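Structural description and commentary
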Amino acid sequence: MSDFLTPDSALETRAIHAGQGFDPATGAVNPPVHFSSTFVQDGIGGFRGGYEYARGGNPTRDHLQELLASLEGGEVAYSFASGLAAEDALLRAVLKPGDHVVMGNDVYGGTHRLVNRVFVPWGAHLDTVEMGDLDAVRAAVKAGQTRVLWVETPSNPLMKVTDIEGLAAIGREAGAIVVVDNTFASPYLQQPLSLGADVVVHSTTKYLGGHSDLLGGAVILKDRELAEKVGFIQFGVGAVSSPFDAWLTMRGIKTLPVRMDRHSSNAQTLAERLVGHAKIDRVYYPGLPEHPGHDIAAKQMRSFGGMISLALSGGGAAARTLAESTGLFQLAESLGGVESLIGYPTEMTHASVKGTALEVPENIVRLSVGLENIDDLAADLLGALDRI
Ligand SMILES: *Cc1c(COP(=O)(O)O)cnc(C)c1O
């Protein structure tokens, strides 16, 4: 950590300085990117700064990990080659055959696929429930068997909101760890560890990187014993982030707070303008007072983020046409970049859960509201709605 940071430094300050002190050799305000797979030893086992071989540790990755731990208020963070690689490492560290996982019934399709198609055949058991309904979670928990409660809040794509404190209490009682996928909110908008969660995971590909130019993932933990297990998987399995991706992620994070403020305000304005539109049945955005999770989101989030989903009154055909008719909202997977994107979850992000209980309704489109001018964004979307 840089010398001038204090334990009280605010998140905006830590986003720019934590883990990123200037280079002591040259004074460069940006520490260099260490493109080195191996490190010279001063005699056998004489490591400089502890570095030996880059799968085990690379200074650039360490800088990012220190930054991520600071932003989420964790003890330790590990950075991976993708969000799913991070999730895989965590689950390998936590689960043994026979263990039970309870997940939200609209988690990211790839997360469900990872557990359902990789960990279930290996011996884990999986149930998906309405995570916002804590009674349903309590009913799904199996005493002595449930090891993981896994939640996304707001969720993807239906923006369901879960009370993290309430879920954490259930996890503590059941002896299960509570994992929050904080990709949609980012640590600027929501701090799950301070609300009692045990672990935060991220696809840093999204808001943390923020510019749609990298793939990455992270696991951030409070408990050092569990952290050591995840650290061993990172090293022993090896899905680490590259120095360049780690550096790009840090570069993105410096502007995370200002970006998130604008993502949230653009999305809030757009959601309000879309409510009541003749061609839209429902606008899913936690910042709308009528959203079922609004009060909880207002309690645990700084603002409501940049993701909106729309249910089209014209059904699946209308949703498809809309997704193919916008201009500024480009048709693409992913989210969280400076540019606005539109997606058709049924056949894009959530294609892998088609035919399961997690299937997304056919009339849903998902918007990742970017940082373009809000009037331009609204004109693009409203114009496309007129044409369907
Ligand atoms: C994208 C995404 C992931 C997976 O991350 P990758 O970086 O694509 O592997 C996990 N969770 C959420 C909420 C996501 O949006």
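The structure presented is a predicted model; accordingly, all values stated were derived computationally and were not measured. (Residues numbered from 1 in each chain as written. Predicted model: local features only at pLDDT ≥ 70, side-chain atom pairs only at ≥ 80, totals over all residues. Heavy atoms only, no water.)

The next point concerns the site of the ligand. The ligand sits among 13 residues. The nearest are Gly-83, Asp-181, Ser-203, Thr-205 and Lys-206. Between the ligand and Gly-83, the relevant distance is 2.8 Å, taken from an oxygen atom to a main-chain nitrogen or oxygen of the residue. Within the contact set of the ligand, an oxygen atom lies 2.8 Å away from a side-chain nitrogen or oxygen of Ser-203. Contact with the protein chains hides 93% of the accessible area of the ligand, taken as 370 Å² for the molecule alone. Split into classes, the residues belonging to the shell around the ligand amount to three nonpolar, six polar and four charged. (Near = heavy atom within 4 Å. Polar contact = N/O pair within 3.5 Å; in protein donor to acceptor, adjacent residues only side chain to side chain. Areas by Shrake-Rupley, 256 points an atom, 1.4 Å probe, with all protein chains shown as cover. Nonpolar A, V, L, I, M, F, W, Y, C, P; charged D, E, K, R; others polar.)

Bringing unusual backbone geometry into the picture now. That bond from Thr-153 to Pro-154 is cis: its omega, -5°, falls within 30 degrees of zero. Residues Asn-156 and Pro-157 are joined by a peptide bond in cis, for which omega reads 10°. Residue position: Pro-157 is located in the loop between β4 (146-152) and α6 (164-174). Of note, Ser-212 is a non-glycine position whose phi angle comes to about 50°, a positive value. Counting through the fold element by element, Ser-212 comes out in the loop between β6 (199-203) and β7 (217-221). (Helix = DSSP H or I, 4+ residues; strand = E, 2+ residues; numbered from the N terminus.)

The subject of this paragraph is the domain arrangement of the protein. You can read the domains of the protein as domain 1 (11-253) and domain 2 (256-386). The straight-line distance from the C-alpha centre of domain 1 to that of domain 2 is 25 Å. Opposite the 42 residues of domain 1 that make contact, domain 2 presents 43 residues. Together, the buried faces of domain 1 and domain 2 total about 3300 Å²; carbon and sulfur atoms form 63% of this surface. It is Tyr-188, Leu-189 and Tyr-207 that lose the most area in domain 1 upon contact with domain 2, and together they represent 25% of the buried surface on that side. On the surface where domain 1 and domain 2 come into contact, there are two salt bridges. Here Glu-12 makes a salt bridge to Arg-302, at a shortest N to O gap of 4.0 Å. Linking domain 1 with domain 2 are 15 residue pairs in polar contact (both at pLDDT 80 or more). Elements with a contribution of two residues or more to the side of domain 1 that touches domain 2: α1 (11-17), α4 (109-122), α6, α7 (186-189) and α9 (243-253). Taken together, the residues of the side of domain 1 that touches domain 2 break down into 19 nonpolar, 17 polar and six charged. (Domains from an automatic or database assignment. Contact = heavy atoms within 4.5 Å. Buried area = accessible area lost by both parts, 1.4 Å probe. Salt bridge = Lys/Arg side-chain N within 4 Å of Asp/Glu carboxyl O.)

Taking 1.5 Å as the rise per residue, α4 with 14 residues should run 20 Å; its terminal C-alpha atoms sit 19 Å apart, in good agreement. Looking at the buried positions of α4, the neighbouring elements they touch are α3 (83-94), β2 (100-104), β3 (125-129) and β4. (Expected span 1.5 Å × (residues − 1).)

The next point concerns the sheet that holds strand β9 (residues 307-312). Ordered in space as β8-β9-β12-β11-β10, the five strands form an open sheet in which the pairing is mixed. Unpaired on one side and paired on the other, β8 (280-284) and β10 (330-331) mark the two borders of the sheet. The pairing of β10 with strand β11 (residues 341-343) spans two bridges and is classified as parallel. Its bridge partner lying in β11, Gln-330 is registered against Leu-341. Sheet strands in contact with helix α10 (residues 256-274) are β8, β9 and β12 (364-368), and its direction is about 15° off that of β9. Contacting β9, β10, β11 and β12, helix α12 (residues 315-323) runs over the sheet at an angle of about 135° to β9. (Pairing = 2+ DSSP bridges. Axes fitted to C-alpha atoms, helices over the stretch in contact; angles between N-to-C directions.)

The next point concerns the pairing of β2. In terms of residue burial, β2 counts as a mostly covered element, since five of its five residues are buried. Relative to β3, β2 runs parallel, the two being bridged by five bridges. Residue Val-101 lies in a different strand from β3, and its bridge partner there is Leu-126. As paired strands, β2 and β4 are joined by four bridges and run parallel to one another. Its bridge partner lying in β4, Val-101 is registered against Val-148. (Buried < 20%, exposed > 50% of the residue type's maximum accessible area, 1.4 Å probe, protein only.)

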